[in-house]
Amino acid sequence: MDQPEKNPTIDKVNRGLKRRYRAERRFRILGATAILTALCFLFLLFFSIVSSGYKAFEKTFIQIEVFFDPAEFTNENLAAANFPGLIKASMNSMFPEVTSRKDKKDLYYLISPGASFQLMKQVKNNPALIGQKELIWVAANDDVDMLLKGNIDRTRPESERRISDKQLGWLDTLAHDGKIKKTFNTAFFTSGDSREPELAGIWGATCGSFYTLLITLSLSFPIGVAAAVYLEEFAPKNRWTDIIEVNINNLAAVPSIVYGLLGLAVFINFFGMPRSTPLVGGLVLTLMTLPIIIIASRASLKSVPPSIREAALGIGASKMQMVAHHVLPLALPGMLTGTIIGMAHALGETAPLLMVGMVAFIVDIPHGFTDPATVLPVQIYLWADSPERAFVAKTSAAIMVLLAFLFLMNAAAVLLRKRFEIKW
Amino acid sequence: MKKSILLASALFAGMFAGSSAQAAGRDYISIVGSSTVYPFSTVVAEQFGKTTNFKTPKIESTGTGGGFKLFCGGVGVEYPDISNASRAIKKSEFDTCQANGVKDIVEVKIGYDGIVFANSKKSAPLKLTRKDIFLALAKNVPDPKGGDKLVPNPYKTWKDIDPALPNEKIEVLGPPPTSGTRDAFVELTMETGATTFPFIHDMEKKDKNLFKATTQTIREDGAYIEAGENDNLIVQKLEANPHAVGIFGFSFLDQNADMIQGSIIENESPTFDNIASGKYPVSRPLFFYVKKAHVDVIPGIKEYLGEFTSEKAWGSEGYLADKGMIPMDKKERDLFAKQAKELKTLTMK
Amino acid sequence: MSGKEEILSEVTTKALHKERETVGSPFVENPRMTCREVNVYYGDKKAINNVNIDIARNEVIAMIGPSGCGKSTFLRCLNRMNDTIEGCRVTGDLRLDGMDIHDKNVDVVPLRARVGMVFQKPNPFPKSIFDNVAYGPKIHGLAQNKAELDEIVERSLKKAGLWDEVKDRLTQPGTGLSGGQQQRLCIARAIAVSPEVILMDEPCSALDPIATARIEELIAELRQHYSIVIVTHSMQQAARVSQRTAYFHLGDLIEVGMTDRVFTNPRHQLTEDYITGRFG
Ligand SMILES: Nc1ncnc2c1ncn2[C@@H]1O[C@H](COP(=O)(O)OP(=O)(O)OP(=O)(O)O)[C@@H](O)[C@H]1O
Ligand SMILES: [Mg+2]
């Protein structure tokens with residue numbers, strides 16, 4: 001002020017300015033590099049999953065002409081008919097030159113063992129088929145499927161591939177006659193597990209995940225929110241509540257398998273609940289997600305400004321009214337986000353389910369909370385462990401589906417937050 | 001608000017009604033046990049579920065020991081009906097069963113599993129003996145300079161063991177101690193390999209514990225790498241590292257014949273026929289055990305046994321053979337099929 | 001309040017713990033509220049030291065004093081808002097129309113309906129303007145039906161001088177109003193439950209002179225029906241709106257008296273220092 005033309009402060013400021021901007025630039029570059037690296041890895045992950053999995057969304061079919069021989073359907077029970085025989089007969093009529101026992105076996109091998117079930121279903125739905133000749137597309141065996149997708153190299157010596165030269169010849173004939181096609185693999189989305197890769201699907205596991213998460217959500221959200229509200233708003237602050245708080249924080253970091261052990265001891269051995277069911281799995285995952293939800297809910301309760309509480313109390317609202325009318329609505333978006341993150345966590349969990357028997361081979365689609373069931377990540381784990389090579393693609397495809405679900409859940413979290421967020 | 005509370009309580013009521021109904025009876029077979037038998041019993045279960053009106057059995061892969069623990073827990077719907085095993089039931093397990101009221105057990109042998117040593121096709125196949133394998137993998141081996149003395153395993157390359165073997169570092173990927181494959185591998189190769197040394201052979205009578213420690217302890221200096229339970233992973237690692245050797249079940253070799261090759265052991269290569277005929281030395285029997293008390297309580301057990309022991313399943317041309325299980329010979333099959341049909345109770349002294 | 005009354009109640013109370021005495025006239029006839037030997041502790045720290053004061057009916061009493069002297073703390077004793085503060089302890093005898101309000105068994109919900117509060121920072125609920133005002137009447141069940149509720153809201157907003165500005169946008173969020181409007185909304189919210197006493201903690205500290213003038217007008221009107229305790233840092237404001245003034249210093253009530261008397265003729269040296277700006 002005294003010397004308007006020369007201000008020593010601004011000189012000092014200017015001198016330091018360059019350094020300050022440099023530091024900022026450095027930090028920005030570091031940050032951008034970190035993001036870029038993370039994106040690269042993410043891309044790599046997606047690329048490896050998608051590139052090995054996309055083929056599982058296609059499935060190979062072979063067209064055969066089936067004669068539903070009335071002689072086979074003398075029994076009352078349609079299911080007892082010799083469907084594999086029907087298929088063999090139609091293969092024989094397509095390749096009459098194949099006569100030796102070994103060759104015939106190799107020929108029948110081209111068709112999936114699931115084809116006979118397909119015929120059974122068709123006859124059951126439409127008994128009028130009996131006595132008819134029908135052109136039917138049936139699933140090809142997984143090795144045929146792999147060959148046609150280029151996963152089996154036909155230039156290799158015969159002993160090194162699971163499709164012999166003769167089988168190659170038959171397939172080429174079929175392809176030439178237009179009797180081989182590849183279509184979208186709907187079975188993958190509509191059927192349960194199977195040991196035949198061409199028949200295996202994720203619907204059973206998806207249903208299992210759904211029932212399990214339904215239990216988890218319907219228990220952990222109310223319990224978690226109630227616990228958080230009680231601890232944050234009502235509980236006296238003393239040594240006991242401190243201990244409880246420390247314990248909850250610890251529980252959030254406990255390896256998830258421990259919850260499985262706990263679930264085994266409590267729900268199955270003590271309460272006698274049925275093993276391998278969404279009921280037990282859901283309860284175990286509830287235990288696992290509760291700490292996450294409680295911590296997230298407490299954090300969002302804490303972030304509700306005290307002025308709102310004062311306003312409500314100052315006007316004569318009871319504590320309960322203050323919480324229910326003012327604090328909860330403001331904390332809800334944060335609670336929902338926490339819950340969905342917890343649910344996403346639960347959706348991807350296998351370890352605790354191992355202990356309660358949900359890591360199991362289950363073919364039938366579960367229809368309730370007490371049907372034996374498995375879940376999506378377990379299905380992935382089981383397929384990854386299967387010897388059949390065709391399961392590699394299935395595994396990646398199932399991972400894609402799981403990722404899609406996770407993505408949807410997280411998108412829902414963002415949407416819900418937007419929807420419920422109260423602007424001021 | 002009220003509606004949602006109502007809904008939640010209805011849901012709960014439904015759940016518990018459901019669970020108590022379930023406790024009253026289970027309408028599907030519950031199977032536990034060995035992960036080696038798992039791929040075979042699942043195929044049978046699926047076939048059984050699709051061709052009959054019974055529900056598809058539920059199969060958990062818990063490992064042989066874990067399976068017996070559950071199986072022998074007691075009689076009742078909450079306990080499994082069948083336990084798969086990649087070895088025969090032990091006396092101690094049998095006793096636990098008896099103590100918990102699981103008195104009558106039916107043993108069914110179903111076939112064999114070959115344990116193979118394999119490496120990438122990018123290298124030459126190995127020609128090994130069980131003695132070579134013992135020397136390559138045991139923690140302590142007889143002193144190469146001679147004498148009946150054990151020294152910490154000095155062998156670094158295969159060539160050190162036998163000049164005819166390649167000059168490659170010993171690097172074996174195998175299952176962890178929790179796995180049944182590991183037990184079988186130790187028993188079938190390490191032990192037999194070790195007993196080719198007379199002084200170790202004599203040890204069995206003199207000092208059982210020392211014998212066990214000598215023949216069963218695997219070196220921990222990095223030459224043996226525990227690769228986890230997932231055999232597919234081992235196959236992939238072999239593909240990536242042509243110098244390594246992997247240990248796993250025959251079905252994985254069968255499925256990946258384009259990438260890996262089985263090592264020849266005592267002049268026999270691990271082919272389907274060689275294992276079936278018993279020429280290939282490293283194979284083990286597979287079993288399952290049925291709880292007799294459940295047979296008429298849980299629907300479908302008899303029929304499941306029927307399916308499993310039918311020729312179209314476990315026969316030499318059956319679908320289990322397609323999945324890599326090595327069938328028994330016809331005589332043995334007939335014997336066990338008959339025992340399964342009669343539900344012959346297992347006795348143990 | 002007449003001069004006679006002041007002389008009548010002019011007594012000197014001796015503080016128990018310190019020699020400092022409250023000078024002036026802390027007591028009145030027929031008081032709305034009485035406070036005797038009130039002490040407030042935050043943990044071990046004493047924030048209010050043996051305060052004795054009455055609050056008369058239909059008066060505006062201003063509380064002044066340097067920052068941190070305990071004005072807000074004392075104000076919060078009057079409707080038990082200190083209960084909500086962790087580690088805060090209040091002792092003494094506080095009465096509203098003769099009823100002990102400090103007793104542990106007293107229900108704070110009806111108490112706070114009778115003693116309303118307006119905070120330093122406007123804190124409307126993140127709800128509509130209507131819901132903000134209607135909230136108190138709703139939870140206390142003051143309206144039998146929607147029409148009555150509408151009536152209460154309109155009356156309260158009118159009293160708070162906000163009606164004309166917001167009558168067309170009652171459904172819009174209260175948080176969308178300007179700072180001064182928000183403060184008047186908070187006042188409307190407080191008076192909607194027809195309290196007997198209104199506590200105002202620096203209600204104008206965030207407002208421009210025009211909004212301040214509005215609120216001061218409002219206070220003058222509200223005095224017809226209510227007793228008002230106002231904490232303020234503006235001596236002019238205290239002089240304009242209040243009938244009596246209480247001067248706090250480091251937790252002690254130093255001087256109480258008729259406002260014009262305190263400002264023109266302070267009896268205590270500390271009071272004089274403060275109002276002449278020599279303090280500190
Ligand atoms: N929650 C609290 N915990 C601990 N001490 C507190 C708390 N609130 C206030 N105090 C202390 O009590 C004393 C009185 O505080 P109070 O808020 O009543 O002052 P004030 O007179 O209202 O000041 P201002 O004019 O700045 O608002 C201060 O020393 C303050 O530090
Ligand atoms: Mg204050």
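Cut-offs and rules
Residues numbered from 1 in each chain as written. Chains lettered and ligands numbered in written order. Predicted model: local features only at pLDDT ≥ 70, side-chain atom pairs only at ≥ 80, totals over all residues. Heavy atoms only, no water. Buried < 20%, exposed > 50% of the residue type's maximum accessible area, 1.4 Å probe, protein only. Helix = DSSP H or I, 4+ residues; strand = E, 2+ residues; numbered from the N terminus. Pairing = 2+ DSSP bridges. Disulfide = S-S within 2.5 Å. Contact = heavy atoms within 4.5 Å. Core = buried A, V, L, I, M, F, W, Y, C linked by side-chain atoms within 4.5 Å. Buried area = accessible area lost by both parts, 1.4 Å probe. Salt bridge = Lys/Arg side-chain N within 4 Å of Asp/Glu carboxyl O. Polar contact = N/O pair within 3.5 Å; in protein donor to acceptor, adjacent residues only side chain to side chain. Nonpolar A, V, L, I, M, F, W, Y, C, P; charged D, E, K, R; others polar. Near = heavy atom within 4 Å. Areas by Shrake-Rupley, 256 points an atom, 1.4 Å probe, with all protein chains shown as cover.

Points about the pairing of strand β11 (residues 244–249) of chain C
Residue and element names in this part refer to chain C.
Phase 1 of the analysis: Counting buried positions along β11 yields 6 of 6 residues, so the element is predominantly enclosed.
Phase 2 of the analysis: Taking every second residue as pointing to the same face, both faces of β11 are buried, with Arg244, Ala246 and Phe248 on one and Thr245, Tyr247 and His249 on the other.
Phase 3 of the analysis: Across 4 bridges, strand β5 (residues 60–64) lies against β11 in parallel orientation. Bridge pairing in β11 links alanine 62 to threonine 245.
Phase 4 of the analysis: Taking the residues between adjacent antiparallel strands as the criterion, β11 and strand β12 (residues 252–258) are bridged by 2 residues, where leucine 250 takes a positive phi near 45 degrees.

Some details on the state of the cysteines
Residue and element names in this part refer to chain B.
Phase 1 of the analysis: Applying the stated rule across the entire model yields 1 disulfide over all chains.
Phase 2 of the analysis: Between the sulfur atoms of cysteine 72 and its disulfide mate cysteine 97 the distance is 2.0 Å. Residues cysteine 72 and cysteine 97 share a disulfide whose torsion about the S-S bond is about -70 degrees; that sign makes it left-handed. Linking cysteine 72 in the loop between α3 (64–71) and β3 (82–85) with cysteine 97 in helix α4 (residues 91–99), this pair joins segments that are 25 residues apart in sequence.
Phase 3 of the analysis: Relative accessible area serves as the criterion here: at 2%, cysteine 72 is assigned to the buried category.

A few points about the arrangement of the chains
Phase 1 of the analysis: By contact count, the dominant pairing among the 2 pairs of chains in contact is that of chains A and B.
Phase 2 of the analysis: In this view chain B stays clear of chain C, with the nearest C-alpha atoms of the two still 18 Å from each other.

Remarks on the nonpolar core
Phase 1 of the analysis: In terms of nonpolar packing, the biggest core is built from 140 residues, with Phe185(B), Phe248(B) and Leu320(B) touching the most fellow members.
Phase 2 of the analysis: Looking at which element gives the most residues to this core, the answer is helix α16 (residues 390–420) of chain A, with 10 residues.
Phase 3 of the analysis: Setting aside residues up to four positions removed in sequence, Phe185(B) forms contacts with Ile115(B), Phe117(B), Ile133(B), Leu137(B), Met190(B), Ile218(B) and Ile247(B).

Overview of the sheet that holds strand β4 (residues 45–55) of chain C
All names here are of chain C.
Phase 1 of the analysis: Read from one edge of the open sheet, 4 strands run β4-β3-β6-β7, paired in antiparallel fashion. Because the sheet does not close on itself, it has two edges, and the strands there are β4 and β7 (99–100).
Phase 2 of the analysis: Sheet topology note: the strand β6 (residues 88–96)/β7 ladder contains 2 bridges and is antiparallel. Note that in β7 the partner of arginine 95 across the bridge is aspartate 100.

As for the interface of chain C and chain A
Phase 1 of the analysis: Facing the 22 residues of chain C at the interface are 19 residues of chain A.
Phase 2 of the analysis: Surface buried jointly by chain C and chain A totals about 1700 Å² across both partners, of which 66% is contributed by carbon and sulfur atoms.
Phase 3 of the analysis: Here chain C is connected to chain A by 0 salt bridges.
Phase 4 of the analysis: The tally of links between chain C and chain A comes to 5 residue pairs in polar contact (both at pLDDT 80 or more).
Phase 5 of the analysis: Every element with two or more residues in the side of chain C that touches chain A is listed here: α3 (108–114), β8 (115–118) and α4 (129–140) of chain C.
Phase 6 of the analysis: In terms of residues, the side of chain C that touches chain A owes the most to one element, α4(C), which gives 4 residues.
Phase 7 of the analysis: The class makeup of the residues in the side of chain C that touches chain A is 11 nonpolar, 7 polar and 4 charged.

Details of the site of ligand 1
All names here are of chain C.
Phase 1 of the analysis: Around ligand 1, a shell composed of 13 residues is seen, among which Ser67, Lys71, Ser72, Thr73 and His233 lie nearest.
Phase 2 of the analysis: Take lysine 45: an N or O atom from its side chain is 3.0 Å from an oxygen atom of ligand 1.
Phase 3 of the analysis: Burial of ligand 1 by the surrounding chains reaches 64%, relative to a free accessible area of 630 Å².
Phase 4 of the analysis: Contributions of two or more residues to the shell around ligand 1 are made by β4 and α2 (71–77).
Phase 5 of the analysis: In terms of residue count, α2 provides more of the shell around ligand 1 than any other element does, 3 residues in total.
Phase 6 of the analysis: Here the residues of the shell around ligand 1 sort into 4 nonpolar, 6 polar and 3 charged.

Brief notes about the interface of chain B and chain A
Phase 1 of the analysis: Taken together, the 41 residues of chain B in the interface contact 37 residues of chain A.
Phase 2 of the analysis: Counting each side, the surface lost to burial between chain B and chain A is near 3800 Å², with a carbon and sulfur contribution of 53%.
Phase 3 of the analysis: For the interface between chain B and chain A, the tally reads 7 salt bridges.
Phase 4 of the analysis: Where Glu317(B) meets Arg101(A), a salt bridge forms, and the shortest distance between an N and an O atom there is 3.4 Å.
Phase 5 of the analysis: Our enumeration of links across chain B and chain A arrives at 18 residue pairs in polar contact (both at pLDDT 80 or more).
Phase 6 of the analysis: Of all the secondary structure elements, the ones that give two or more residues to the side of chain B that touches chain A are α1 (2–24), α2 (38–51), β2 (58–60), α10 (231–240) and α11 (250–255) of chain B.
Phase 7 of the analysis: Sort the elements by how many residues they give to the side of chain B that touches chain A and α2(B) lands first, with 9 residues.
Phase 8 of the analysis: Partitioning the side of chain B that touches chain A into residue classes produces 15 nonpolar, 13 polar and 13 charged.
Phase 9 of the analysis: Across 2 bridges, strand β4 (residues 360–361) of chain A lies against β2(B) in antiparallel orientation. Directly across from Ala360(A), in β2(B), lies its bridge partner Glu60(B).

Things to note about the pairing of strand β10 (residues 245–249) of chain B
All names here are of chain B.
Phase 1 of the analysis: With 5 of 5 residues buried, β10 lies mostly within the body of the structure.
Phase 2 of the analysis: The sheet contact formed by strand β4 (residues 105–120) and β10 spans 5 bridges and is antiparallel. The partner of phenylalanine 117 across the bridge, within β10, is isoleucine 247.
Phase 3 of the analysis: One ladder, built from 2 bridges, connects strand β8 (residues 172–174) with β10; its direction is parallel. Across the sheet, the residue bridging to leucine 173 is glycine 246, located in β10.

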